[in-house]
Amino acid sequence: MTTARGQFSSKTGFILAAVGSAVGLGNIWGFPTQAASNGGAAFLLVYLAMAFVVAYPALMAELTLGRYARANVVTALSRLSAQAPLKRTGLVAGVAALGVAVLILSFYAIVTGWMLAEFITPAAQLLQFEALASWSRGQSFGRNALMCGVISVLTILIIARGVEQGIEAWSTRLMPTLIVILLGLIVYVFTQDGALDGLRAYLVPDLSRLSDPALILSAMGQAFFSLSLGVGVMLIYGSYLRDTDNLPRLGAAVTLLDTGFAFIAGLLILPAIYVAQAQGIEVFNSEGALIAGPDLIFQVLPALFERMGQAGIWLSLAFFALMSIAALTSAISLLEVPVSVAVERWGLRRPAAAALSGGVIFVISVSIIAQFEQLFSAVVTLTTVYAQPLLGVLLCLFAGWVLHRHQLLKELRKGHPEIESTLFWRIWPFYIRYICPTLIMAAFVQSLR
Ligand code: PHE
């Protein structure tokens, strides 16, 4: 491809974009509720260990592969080796990653659309557009399809503008906004009765859970999803890095920030659940477990906001703005996967590639909305439980076995001339060959049970 490829203009630009991808519904909604139902801080400790022990090395594999190949996931994997069988395997793995990114975005855009609808409801209430508020509150097909359509258009418009003007510029605007809203909400929730009980449930570890293999493995799965691994997102973002950038350090920053966000989101969600309980809202289900998943976000928290009167309307506005922004920056990273393939392999112009990929994904989303019961959770399970870990293993194997040690060293040395004398270099190449694939496979096998 002769056209100049996009590039992040600075380290900060890359970090904001990669953290924008990583921080999403998985952090703000998935992580806190998993922690709450799995021994509080015990889960947190194991999660932190997993993020650095398994997810960080796998992230480094994707970033290094991406910058080495300077190409989309399909092209990158299919031209690592000159041997035909490896080329073919790479092509298949790349196409699989592309398909999984498309499917993840198909359901992610639906959920992001729900968040947008929940954001529009309090906005319409404030403006006294009662009809709009009750429409956006209802779970109709029309509402869900329209909201998903709005998200698709926003995602397409951002991606059409390219790496620097689109991904980087919007992540740079949205991520600081996200932090401000998150911290503001935490401060408010802590002024309410019951918040400290939530903090206790979150931070006092039930150490007896530490040796539970199910906890260890689900923490690993969570870390993996949260860092956007296994679908070529981090690979394509890595391919837009400059040669002078220090990959291990950037990867570590992204991992730290992603886990930091998950931890801080826990400081909001857990106290909010216990504030809701103090207000008499049911927060445990009939089996005594904390209500998690969609019911937490779309029932428990809205019930809490409703009881808070006028303040609740503003809180709800802020909370769903937070959710929408977090999800949008993840959605754009997912759209970049097919767009980069369409631009680099088929020679399409970026705006056309964005419109085409986004359009196809929107059609899949609408089909999922239309057949929600049959399709939604099947697609979620297929992509996040099965495909992501398996592709994660493949990506580690490609970086560890198909690329030679000297090629890895040459690539990493570009931004870090002393890499050879670091602990990272002593451990990582061996690690992604053997340990990481084994650990990920262990999580995969566990998730099948
Ligand atoms: N990391 C995102 C989240 O936590 C989800 C995601 C997965 C984004 C895979 C891109 C690729 O919500």
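Rules and cut-offs
- Residues numbered from 1 in each chain as written.
- Predicted model: local features only at pLDDT ≥ 70, side-chain atom pairs only at ≥ 80, totals over all residues.
- Heavy atoms only, no water.
- Core = buried A, V, L, I, M, F, W, Y, C linked by side-chain atoms within 4.5 Å.
- Buried < 20%, exposed > 50% of the residue type's maximum accessible area, 1.4 Å probe, protein only.
- Helix = DSSP H or I, 4+ residues; strand = E, 2+ residues; numbered from the N terminus.
- Contact = heavy atoms within 4.5 Å.
- Near = heavy atom within 4 Å.
- Polar contact = N/O pair within 3.5 Å; in protein donor to acceptor, adjacent residues only side chain to side chain.
- Areas by Shrake-Rupley, 256 points an atom, 1.4 Å probe, with all protein chains shown as cover.
- Nonpolar A, V, L, I, M, F, W, Y, C, P; charged D, E, K, R; others polar.
- Patch = residues over 30% accessible without salt bridge, like charges linked within 9 Å, V, L, I, M, F, W, Y side chains within 5 Å.
- Salt bridge = Lys/Arg side-chain N within 4 Å of Asp/Glu carboxyl O.

Draft legend 1. Looking closely at the nonpolar core. Counting 160 residues, the largest nonpolar core has Phe14, Ile297 and Phe319 as its most contacted members. With 18 residues, helix α14 (residues 309-346) is the largest single contributor of residues to this core. With residues near it in sequence (within four places) discarded, Phe14 still touches Phe8, Leu63, Tyr237, Leu241, Leu250 and Val254.

Draft legend 2. Seen up close, the site of the ligand. For the ligand, the set of nearby residues contains 16 residues, the closest of which are Ala22, Leu25, Gly26, Tyr108 and Ser226. Asn27 has a polar side-chain atom sitting 3.3 Å from an oxygen atom of the ligand. Contact between the ligand and Ser226: a nitrogen atom at 3.0 Å from a main-chain N or O atom of the residue. Here the ligand has 320 Å² of accessible area as a free molecule, and 100% of this is covered by the chains. Only α1 (11-22), α2 (25-37), α10 (213-226) and α14 provide two or more residues apiece to the shell around the ligand. Among the residues forming the shell around the ligand, the class breakdown is seven nonpolar, nine polar and no charged.

Draft legend 3. Geometry of a nonpolar patch on the surface. On the surface, Leu127, Phe129, Leu132, Trp135, Leu146, Val150 and Leu154 cluster together into a nonpolar patch covering about 600 Å² of accessible area. Secondary-structure elements contributing two or more residues to the nonpolar patch are α6 (130-137) and α7 (141-160). Within the secondary structure, Leu154 sits in helix α7. According to the relative accessible area criterion, Leu154 is partly exposed, its value standing at 37%.

Draft legend 4. Structural view of the environment of Leu256. Assignment of secondary structure puts Leu256 in helix α12 (residues 247-278). Overall, the relative accessible area of 54% leaves Leu256 in the exposed class. The spacing of Leu256 and Ala51 is 205 residues in sequence and 8.6 Å in space, taken between C-alpha atoms.

Draft legend 5. Highlighting the pattern of salt bridges. By the definition in use, this model includes nine salt bridges. Measuring nitrogen to oxygen at the nearest pair gives 2.7 Å for the salt bridge that ties Glu336 to Arg350. Pair noted here: Glu336 is in helix α14 and Arg350 is in helix α15 (residues 350-370), with a separation of 14 residues, a long-range link. Across this residue pair, the class does not change: Glu336 and Arg350 are buried. Taking the shortest distance from any N to any O, the salt bridge between Glu411 and Lys414 comes out at 3.0 Å. In this pair, Glu411 and Lys414 are both assigned in helix α17 (residues 405-415), three residues apart and thus about one turn of the helix distant. Accessibility expressed as a relative area gives 38% for Lys414, which makes it partly exposed.

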